[in-house]
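# Notes for the structure review
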Amino acid sequence: MTLAKPRMGRVIFDGLFANNPVFVQVLGICSTLAVTNVFENTLVMCIGLVFTTGLSNFSVSLLRSLIPGRIRMIVETLVIASWVIVFDIIIKATLPEISKALGAYVGLIITNCIVMGRAEAFALANKPLISMADGIANGLGYTWVLLAVAFVRELLGSGSIFGVRVLGEWWTNWNIMVMAPGGFFVLAILIWIVRGRMLRSKEGVR
Amino acid sequence: MKFSSKRRERIFTVFFMFAISVFCISILTGVYLASRDRIRVNQTLASKRALLAAARMPVPDDQRTLDAIFSNQVKAYTNAGGRAIYSIRQGASSDPSSGRRQLLGFVFEGRGQGLWGGIRAWVGVRADRKHLMSLAITEHSETPGLGARIDEPWFGKQFSGKTGPLTARPEKTASSLATEFDGITGATATIDGVRSMLNTVLSNAPGDIAAIARTDADLSNAVFLYDAHSATNKNPGGIPRKEEAGP
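### Regarding the overall build of chain B
Helix and strand counts for chain B stand at 6 helices and 7 strands. Reading chain B from its N terminus to its C terminus gives the helix and strand order α-α-β-β-β-β-β-α-β-β-α-α-α. For chain B, buried positions account for 42% of its 247 residues. Expressed as a percentage of contacts within chain B between residues at least 6 apart in sequence, the contacts between residues at least 24 apart total 45%.

### Quick look at the pattern of salt bridges
Note that side chains of opposite charge can pair when their charged atoms are close. Residues and elements named next belong to chain A. Evaluation of the coordinates by the stated rule reveals 14 salt bridges over all chains. The closest approach of N and O atoms between arginine 10 and aspartate 14, which form a salt bridge, is 3.0 Å. With a gap of 4 residues between them, arginine 10 and aspartate 14 both fall in helix α1 (residues 8–18), about one helical turn apart. Take arginine 10: its relative accessible area is 36%, and that puts it in the partly exposed class.

### Looking at a positive patch on the surface
On the surface, Arg70(A), Lys6(B), Arg7(B) and Arg10(B) cluster together into a patch of positive charge. What makes Lys6(B) exposed here is its relative accessible area of 54%.

### Quick notes on the packing of aromatic side chains
Describing an aromatic ring pair means giving the distance of the ring centres and the angle of the ring planes. Inspection of the entire model under this criterion finds 13 aromatic pairs over all chains. Taken together through their ring pairs, the aromatic side chains of Phe13(A), Phe17(A), Phe23(A) and Trp144(A) make up a single cluster. Cation over ring: Lys48(B) sits above Phe70(B), and NZ or CZ is 5.0 Å from the ring centre.

### Remarks on the pairing of strand β2 (residues 84–89) of chain B
Residues and elements named next belong to chain B. β2 sits mainly inside the fold: 6 of its 6 residues count as buried. Burial of β2 is two-sided: the residues Ala84, Tyr86 and Ile88 facing one way and the residues Ile85, Ser87 and Arg89 facing the other way are all buried. Examined bridge by bridge, strand β1 (residues 74–78) and β2 share 5 bridges and lie antiparallel to one another. Bridging from a neighbouring strand, alanine 76 pairs with tyrosine 86 of β2. Count of turn residues in the β1/β2 antiparallel hairpin: 5 residues, of which glycine 82 carries a positive phi of about 85°. In the sheet, β2 pairs with strand β3 (residues 103–113) via 5 bridges, with the strands oriented antiparallel.

Thresholds, definitions, all that
- Residues numbered from 1 in each chain as written.
- Chains lettered and ligands numbered in written order.
- Predicted model: local features only at pLDDT ≥ 70, side-chain atom pairs only at ≥ 80, totals over all residues.
- Heavy atoms only, no water.
- Helix = DSSP H or I, 4+ residues; strand = E, 2+ residues; numbered from the N terminus.
- Buried < 20%, exposed > 50% of the residue type's maximum accessible area, 1.4 Å probe, protein only.
- Contact = heavy atoms within 4.5 Å.
- Salt bridge = Lys/Arg side-chain N within 4 Å of Asp/Glu carboxyl O.
- Patch = residues over 30% accessible without salt bridge, like charges linked within 9 Å, V, L, I, M, F, W, Y side chains within 5 Å.
- Areas by Shrake-Rupley, 256 points an atom, 1.4 Å probe, with all protein chains shown as cover.
- Lys, Arg positive; Asp, Glu negative; His and termini not counted.
- Charge placed at Lys NZ, Arg CZ, Asp CG, Glu CD.
- Phe/Tyr/Trp six-rings, centres within 6.5 Å; stacked < 30°, edge-to-face > 60°.
- Lys NZ or Arg CZ within 6 Å of the ring centre and 35° of its normal.
- Pairing = 2+ DSSP bridges.

Here's what the structure looks like:
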C-alpha cells in the first residue's frame, strides 16, 4: 500500500481479485483447509471473517494515531479478539445450531492471518471508512475463494450442496475430499488455474 | 517529578494498553450480559432436545411441545454422585384398564475425558438397565473434523441395543456384536474417553436406578411392572421391534 490516497473502487477490486488474500497473498490457508468440507459452515465462518476484518480495520484505523508503535500488534490482537468474541456471542444467541456446528472455528478467526494482515498493512496507514471497505473487500475475497473450494469439496466428498443431496445414488463419495488433503488438492488446483491463467499478465508486469 | 521523554513514552504505552484493555473488556461484558439470558434459554432447549435424542424419542421443533413432553413424560432424579438421571415414560397409556404408562428407559448424565477437555453427554439406557438406547454428546472441545465428529448423529445412534463392557472397532466396521461399536479414524483418545464414559454409566446403571427407585414409589412400581412384563414378553423395554434392529 504505497499509494498516498487509495481510491475506494481500487481498494475493493484489490481485495476481491487483484490482491486476493488467498490466491495472491496466500494468507488464511489454515482455515481454508479446515472448514471447507461443508458448504454451510464455510459460509458462516466467512460471514464472521467479513464482520471481523471490516470492524477491526475500522477500529484500528480510528486508533492509528494513538497506538504506540512498539505495542501495535498487541493492540490489534486485542481489538480483533474482541470483535470475534462479539460475533461469537451474537451467533450463540441467534443461531445456536450453527454456533454449535462451528464450535472452535469461530475462535480461530482471531488467529486468521488475513485479519491481522489487513490491520497491519492497511488500517494503520489509512482513514477509518476506507479501511473498513478494505477489510470487507478482503473478507469477501476470502469468502468467494472458500465457497468455491467448499462447493467442490462438498459436491465430490458428500455428493451434496448445503447438505442437500444433488448427485444421485450412482455417485461414490470421495472421502478424501472431506478430509484435510482434499482441501490441499482443491485449493492448489484453484490457485494454479487462477494464477497460471488469469493473473499471468499481471505477474509479468511485476 | 520530571520524566524524560523516553520515560513518558513508556508510561503512555502502559497506560494506553491498560485503557484499551478496560475498554474492550467493558464492551464484551456488556454484549455478554445483554445476551446471557437468550443464550441460556438456547442451551437449555438444546440440552432438552439432546436428551430426547438420547432416549430415541422424536424431537419436536417448537418449545411448547418440548415442554409438554418434559412435564408429562420426563422426571428428573440425581444419583449419589450428584449426576442427573431422567426417567422417560410413554406419552399415552397402552393399557386402558390400568391407565399406567410404560417406562421407556432412563437417560444418564455422562462425563468423560477427551483429548483436549471434558466430554458431557446424555446416555440413554433402556428400562432393562443393560442396553443403550442412544448417545447424544452435549459438550466437548475435541479437534474439529476428527474427535469432534462424536457429535454427528450416526455416532450416537449406533449405540442402540449395545451393552457393556464396550470395545471400539475401526470406523465403518459396523460390528454385529452387542459390545462393539465403530470408533472414528484419527480420534483414538476421544473414542477412549467416550468408551470409558459409557462403560461407567452402564456398570453403575442398575445400582443408580435401584437407589432412585427407593426414593420414588411411582418409579419403583414402574420398574417392577417392567420386570414382570418383560419376564413374560420377548420384547424388552416396550420398544417396538423395528427400532430394535441393530446397526
